[in-house]
Amino acid sequence: MKLSNKLEYAILALLELAKRYHSDESLHIRGIAALQSIPTRYLEQILATLRNGGLIKSVRGSKGGYVLARDPKKITVLDVLNCIEGVDAVSAPDSTPQTVDNEVIEEVWEQANQAAYSVLQKCTLQDLCERQATRQQMENMYYI
């Protein structure tokens with residue numbers, strides 16, 4: 001499984017929104033784009049997909065922008081993957097096994113997909129924010 005640019009940008013944008021979830025702070029497209037170095041036009045398309053998928057919502061007005069539609073603890077990476085790449089993005093190959101060799105390959109592929117599904121289902125935006133904060137904290141440490 002390969003992480004597409006679209007999925008990576010979606011997760012990065014959602015992480016920016018997740019950081020601000022508890023303060024009820026919304027972000028404009030330009031702000032997200034600048035913070036994560038995402039092309040604005042491309043981000044507009046991604047945010048529209050995320051909004052249609054129910055992961056974010058737009059806020060109108062002078063303090064408007066985008067916010068998460070629900071708590072970052074309740075949005076999994078699998079939710080994002082399915083929203084961006086389509087339902088059942090983690091699935092088995094389309095080929096029908098015709099030989100014992102193909103069946104063995106299909107079984108291994110299915111096991112790999114189940115493992116990936118399990119990891120993506122368990123990992124939330126909150127988990128990613130915490131990992132990010134821990135790594136930034138370690139980078140900011142000074143050693144004598």
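Here, every reference points to the structure presented above.
Residues numbered from 1 in each chain as written. Predicted model: local features only at pLDDT ≥ 70, side-chain atom pairs only at ≥ 80, totals over all residues. Heavy atoms only, no water.

A. Representation of the side chain of Ser 26 in the model. The topology assignment puts Ser 26 in the loop between helix H1 (5-19) and helix H2 (29-36). Polar side-chain contacts of Ser 26 include one of 2.6 Å to the backbone oxygen of Lys 63. One polar contact links the side chain of Ser 26 to the main-chain carbonyl oxygen of Gly 64, over a distance of 3.2 Å. Setting aside its immediate chain neighbours within four residues, Ser 26 contacts Lys 63, Gly 64, Gly 65, Tyr 66 and Val 67. (Helix = DSSP H or I, 4+ residues; strand = E, 2+ residues; numbered from the N terminus. Polar contact = N/O pair within 3.5 Å; in protein donor to acceptor, adjacent residues only side chain to side chain. Contact = heavy atoms within 4.5 Å.)

B. The arrangement of the nonpolar core in detail. If you look at the biggest cluster of nonpolar residues, it comprises 34 residues, and the most contacted ones within it are Leu 47, Leu 50 and Val 80. Breaking this core down by element, the ones donating at least two residues are H1, H2, helix H3 (40-52), strand E2 (65-68), helix H4 (77-85) and helix H6 (125-140). Top contributing element to this core by residue count: H1, with nine residues. The contact partners of Leu 50, leaving out residues within four places of it in the chain, are Ala 10, Leu 14, Leu 55, Ile 56, Cys 83 and Ile 84. (Core = buried A, V, L, I, M, F, W, Y, C linked by side-chain atoms within 4.5 Å. Buried < 20%, exposed > 50% of the residue type's maximum accessible area, 1.4 Å probe, protein only.)

C. Spotlight on the pairing of E2. Direction of pairing for strand E1 (residues 56-59) relative to E2: antiparallel, over a ladder of four bridges. Looking at the pairing, Ser 58 lines up with Tyr 66 of E2. Taking the residues that link successive antiparallel strands as the turn, the E1-E2 hairpin has five residues, and the phi of Gly 61 there is positive, at about 110°. (Pairing = 2+ DSSP bridges.)

D. Representation of the pattern of salt bridges. Taken as a whole and assessed by the stated rule, the structure comprises four salt bridges. The shortest N-O distance in the salt bridge between Glu 25 and Arg 20 comes to 3.5 Å. Judged by relative accessible area, which is 16%, Arg 20 ranks as buried. Sharing partners across several salt bridges, the network here consists of Glu 16, Lys 19, Arg 20 and Glu 25. (Salt bridge = Lys/Arg side-chain N within 4 Å of Asp/Glu carboxyl O.)

E. Expanded view of unusual backbone geometry. The phi dihedral of Asp 24 falls on the positive side, at around 55°, and the residue is not glycine. Along the chain, Asp 24 turns up in the loop between H1 and H2. Although it is not a glycine, Ser 37 adopts a positive phi angle of roughly 55°. Along the chain, Ser 37 falls in the loop between H2 and H3.

F. Quick peek at H4. Taken together, the buried positions of H4 are Val 77, Leu 78, Val 80, Leu 81, Cys 83 and Ile 84. Where the residues of H4 are buried, they touch H1, H3, helix H5 (100-122) and H6. One or two residues past the end of H4 sits Gly 86, with phi positive at roughly 110°.

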